[in-house]
Amino acid sequence: MAQEPMNTDLMKSGLLKTTGAGVLREHDLGAEVQLAGWVARRRDHGGVIFIDLRDSTGFVQVVLNPEEAPAPEDVLHGLRIEYCVQVMGTVRQRPEGTVNPDLPTGAVEVVAQRLRVLSTSEPLPFPLDGRTDIDEGLRLQYRYLDMRRDRVSRNLRARSKAIRAMRNVMDEQGFLEVETPTLIASTPEGARDMLVPSRLRQGQFYALPQSPQLFKQLLMIGGVERYYQIARCYRDEDFRADRQVEFTQLDFEGAFWGQEEVLATIELVARRVVADLGHSIGPDPFVRMTYAEAMESYGSDKPDVRFDMKIVDLSEAFTDTDFKAFAGVLADGGSVRGINGGQLGLARAGLDALVSEAQDVGAKGLVWMVVEDDGSLRSPVAKFLSDTEQADIASGLSATPGDTLLIVADHTNTVLDVLGRMRLHVGQPDGHDELAFVFVVDFPVFEVGEDGALSPAHHPFTAPADLDALVHAPETAVSKAYDLVLNGSELGSGSVRIHDAAMQAKVFEVMGISDEDAEGRFGWFLEALRYGTPPHAGFALGVARFVSILQGEPNIREVIPFPKTQTGADPLTGSPSRVKKDQLEELGICVAPDVVAAWAEEADSDPPTTDT
RNA sequence: GGGGGCGUGGUGAAGUCUGGAGUUCACGCCGGCCUGUCAAGCCGGAGGUCGCGGGUUCAAAUCCCGUCGCUCCCGCCA
């Protein structure tokens with residue numbers, strides 16, 4: 001590359017640019033500017049060369065005119081995509097007829113007096129123009145290139161805005177931002193802990209926090225009264241489109257307040273984030289429904305209420321039915337319920353596919369009925385149903401000609417679950433243009449499993465609505481726990497906490513946690529509760545889930561700067577990785593023999609081996 | 001742990017069902033031409049272990065088995 005004279009002014013200050021490429025407009029005409037960024041596109045006409053210079057603010061067209069000789073010819077014609085360059089030039093109006101209306105800076109261009117290549121680039125492993133979908137593994141391996149693309153950089157900026165909005169609201173509301181440790185003792189929150197071995201105490205482990213739950217309660221006991229944190233959380237469970245092993249939450253907690261104040265605060269936060277990300281929602285308060293209502297009408301504790309299609313209980317229509325399948329279910333205490341799927345227009349094969357999908361998610365069967373023009377029902381089971389029964393179905397589901405009705409008869413929990421899934425399957429709107437927030441409140445203390453066994457629905461520090469009810473009828477007891485749902489995604493959850501040591505002990509007892517067990521696992525916390533704990537309540541909101549929905553992204557990886565793949569790997573840095581024997585020895589850890597054996601087998605078949 | 005989808009020059013796709021020469025398209029890359037383009041254009045060229053391993057076959061990108069990777073889902077995330 002030809003040697004260029006150095007600009008000593010720039011060298012002194014270290015400042016390579018005086019303005020952003022994407023902010024130049026007609027009011028900048030005549031301005032002498034210094035730009036620095038990347039060559040996003042080049043159009044080399046042999047004489048004049050145009051480059052679209054991109055930096056974090058956007059694009060501007062730079063004109064490299066041979067008469068101006070902004071750099072030696074071999075440098076100019078040698079420019080390639082993603083070369084990092086600095087340009088000194090003048091902003092001028094584009095000639096008549098060459099304005100580019102697709103570009104915010106399209107009315108102007110920068111004619112270069114000087115161009116300096118700051119850094120060259122090898123040909124890229126994939127194009128950055130956003131015209132094709134690139135394999136995700138490749139994108140993650142080159143995430144630093146991927147984030148030069150509009151999609152990712154837009155999402156990173158949106159995420160930043162969202163977090164700033166959250167901080168602003170929390171600050172305005174008098175919350176104190178407090179950090180809590182990320183190397184902690186294992187907390188009882190249900191998910192698998194990520195463990196970190198201790199060198200100083202061999203054989204002992206820290207856990208990464210699944211949430212700052214107990215610490216924020218300690219902050220309340222400590223008199224902070226209003227706490228928040230943009231907190232990193234870790235849960236070692238399998239990945240989904242909306243789940244990563246590490247994730248960020250807006251975590252907050254307040255003392256001397258309760259559920260209403262928490263929900264009001266969440267709504268303030270959510271509205272600010274929505275507005276700051278350029279969306280609008282109506283002034284009506286967020287819809288609120290109980291867990292029971294959500295399950296009953298939508299078959300889900302995270303109902304997508306962008307569309308109606310409520311589940312309707314049709315059991316009463318079949319109290320005296322001759323249809324054995326329904327009669328048997330009702331005799332067993334189950335129910336018959338249905339949804340009106342609307343105008344699905346499915347052929348027989350499509351309807352049968354729905355049946356097998358329902359069976360896949362646990363239903364014994366699914367009855368479909370298509371409403372004919374004359375109002376009659378076309379269905380494989382129609383012949384088993386009386387005219388009255390058919391009429392009751394049609395009126396119960398508000399059937400109109402062309403509608404497809406889906407009916408399930410089974411244990412009520414199964415019916416609701418299956419119809420809830422079918423509802424999403426046939427009714428799910430594409431995209432997220434509409435924003436439907438729902439507060440789901442009054443969660444049960446326990447979930448009742450298939451076998452009737454009770455398992456806690458929330459962590460054991462959640463206050464029951466009524467302690468007596470919890471003791472005497474645990475399976476129906478309600479807790480002061482609540483979720484925020486957006487478009488069928490759980491954005492976050494929270495609860496009023498137990499602030500009384502005696503009640504906490506009782507709750508542990510009901511949940512089957514023995515005194516010794518409780519004392520051993522978090523005796524320190526039980527003791528803290530005994531020093532004048534204020535009533536307190538809080539919430540935690542998933543940042544990536546929220547931002548991904550607002551950005552119209554199908555998964556949270558798109559709004560996470562450096563996400564992991566579904567198998568927990570980072571293709572860029574190669575984590576997780578094996579470590580040297582010395583490191584393990586310091587920690588007092590051995591890798592299990594069968595794992596080492598598997599490594600050896602791998603090494604036999606693969607040329608490259610990892611140092612262990 | 002289980003089910004589905006995908007894997008083809010650097011990128012994206014078609015080809016796979018119904019086996020017959022690494023064939024095609026777009027982008028990128030290299031060389032040449034080109035002074036108002038904006039996905040610049042025109043001409044020429046290079047580039048492949050069809051993810052990997054095994055099997056069936058005269059013959060495998062294509063069929064079968066296994067395996068790895070990415071992804072969606074069930075379980076899991078009380």
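Residues numbered from 1 in each chain as written. Chains lettered and ligands numbered in written order. Predicted model: local features only at pLDDT ≥ 70, side-chain atom pairs only at ≥ 80, totals over all residues. Heavy atoms only, no water.

Here we come to the overall build of chain A. Counting its regular elements, chain A contains 18 helices and 22 strands. By its C-alpha atoms, chain A is 95 × 75 × 60 Å across when sized along the principal axes. The burial tally for chain A puts 46% of its 612 residues in the buried class. Of all intrachain contacts in chain A linking residues separated by at least 6 positions in sequence, the fraction that spans at least 24 positions is 68%. With an accessible surface of roughly 30200 Å², chain A has 50% of that area assigned to carbon and sulfur atoms. (Helix = DSSP H or I, 4+ residues; strand = E, 2+ residues; numbered from the N terminus. Buried < 20%, exposed > 50% of the residue type's maximum accessible area, 1.4 Å probe, protein only. Contact = heavy atoms within 4.5 Å. Areas by Shrake-Rupley, 256 points an atom, 1.4 Å probe, with all protein chains shown as cover.)

Attention shifts here to the packing of helix H14 (residues 501–510) against helix H15 (residues 515–529). The geometry of H14 relative to H15 is characterised by a closest axis approach of 10 Å and an angle of 155° between their N-to-C directions. Considering their axes alone, H14 and H15 lie roughly antiparallel with respect to each other. Considering only the axes of H14 and H15, their crossing is right-handed. Facing H14, whose interface residues are Ala501, Gln504 and Phe508, H15 presents Ala518, Phe522, Leu526 and Leu529. (Axes fitted to C-alpha atoms, helices over the stretch in contact; angles between N-to-C directions. Parallel < 35°, antiparallel > 145°, perpendicular 65-115°, else oblique. Left-handed = near helix turned anticlockwise from the far one by under 90°.)

Turning our eyes to something else, we now look at the nonpolar core. Formed by 62 residues in total, the largest nonpolar core has its most connected members in Met166, Leu250, Phe252, Phe437, Leu484, Leu541 and Phe546. Other than its neighbours up to four places away in sequence, methionine 166 contacts Ile230, Leu250, Val269, Val273, Leu541, Val543 and Phe546. Listed in part, the 24 residues of the second largest apolar core include Leu35, Leu53, Val85 and Ala112. (Core = buried A, V, L, I, M, F, W, Y, C linked by side-chain atoms within 4.5 Å.)

One open sheet holds the 5 strands; their spatial order is S12-S13-S16-S14-S15, and the pairing between them is antiparallel. Both outer strands of the open sheet, strand S12 (312–313) and strand S15 (377–378), are each paired with one neighbouring strand and no more. Where S12 meets strand S13 (residues 335–340), 2 bridges bridge the pair, whose relative direction is antiparallel. Each bridged residue has a counterpart across the sheet, and for aspartate 313 the counterpart in S13 is arginine 337. (Pairing = 2+ DSSP bridges.)

A word on the environment of phenylalanine 443. One can find phenylalanine 443 in the loop between strand S17 (437–441) and strand S18 (446–448). With 39 residues separating them along the chain, phenylalanine 443 and tyrosine 482 place their C-alpha atoms 6.4 Å apart. Apart from residues lying up to four places away in sequence, phenylalanine 443 is in contact with Tyr291, Asp301, His458, Val478, Ser479, Ala481, Tyr482 and Asp483.

Attention now goes to the environment of phenylalanine 539. For phenylalanine 539, the position within the fold is in strand S22 (residues 536–542). What makes phenylalanine 539 buried here is its relative accessible area of 1%. Measuring from C-alpha to C-alpha, the distance between phenylalanine 539 and valine 269 comes to 12 Å, with 270 residues separating the pair along the chain.

Moving on, we come to H15. Along its 15 residues, H15 runs just 15 Å from first to last C-alpha, ending more than 12% under the 21 Å computed at 1.5 Å per residue. Where H15 bends most, at phenylalanine 522, the angle is about 95°. Among the residues of H15, Ala518, Phe522, Gly523, Phe525, Leu526, Ala528 and Leu529 are the ones counted as buried. Those residues of H15 that are buried lie in contact with helix H6 (213–221) and H14. (Expected span 1.5 Å × (residues − 1). Bend = angle between axes of the 7 residues up to and from the residue.)

Two numbers describe a pair of packed helices, the interaxial angle and the distance between the axes. Here helix H10 (residues 348–360) crosses helix H12 (residues 412–427) at 135°, and the two axes come no closer than 10 Å. Judged by the inter-axis angle, H10 sits oblique to H12. The way H10 lies across H12 gives a crossing that is right-handed. Across the interface between the two elements, Leu354, Glu357 and Ala358 from H10 touch Val418, Met422, His425 and Val426 from H12. Here the contact of H10 with H12 is built from residues that sort into 5 nonpolar, 1 polar and 1 charged. (Nonpolar A, V, L, I, M, F, W, Y, C, P; charged D, E, K, R; others polar.)

Next up on the list: the sheet that holds strand S11 (residues 287–290). Spatially, S6-S9-S10-S22-S21-S20-S17-S11 is the arrangement adopted by the 8 strands of the open sheet, whose pairing is mixed. Only two strands of the sheet have a single partner each, and these edge strands are strand S6 (176–177) and S11. Across the sheet, H6 lies against strand S9 (226–234), strand S10 (246–255) and S22, angled at about 25° from S10, the strand it touches most. This element, helix H16 (residues 543–550), spans S10, S17, strand S20 (481–486), strand S21 (489–496) and S22 of the sheet and lies at about 50° to S22.

In short, shape yes, function no, at least from these values alone.
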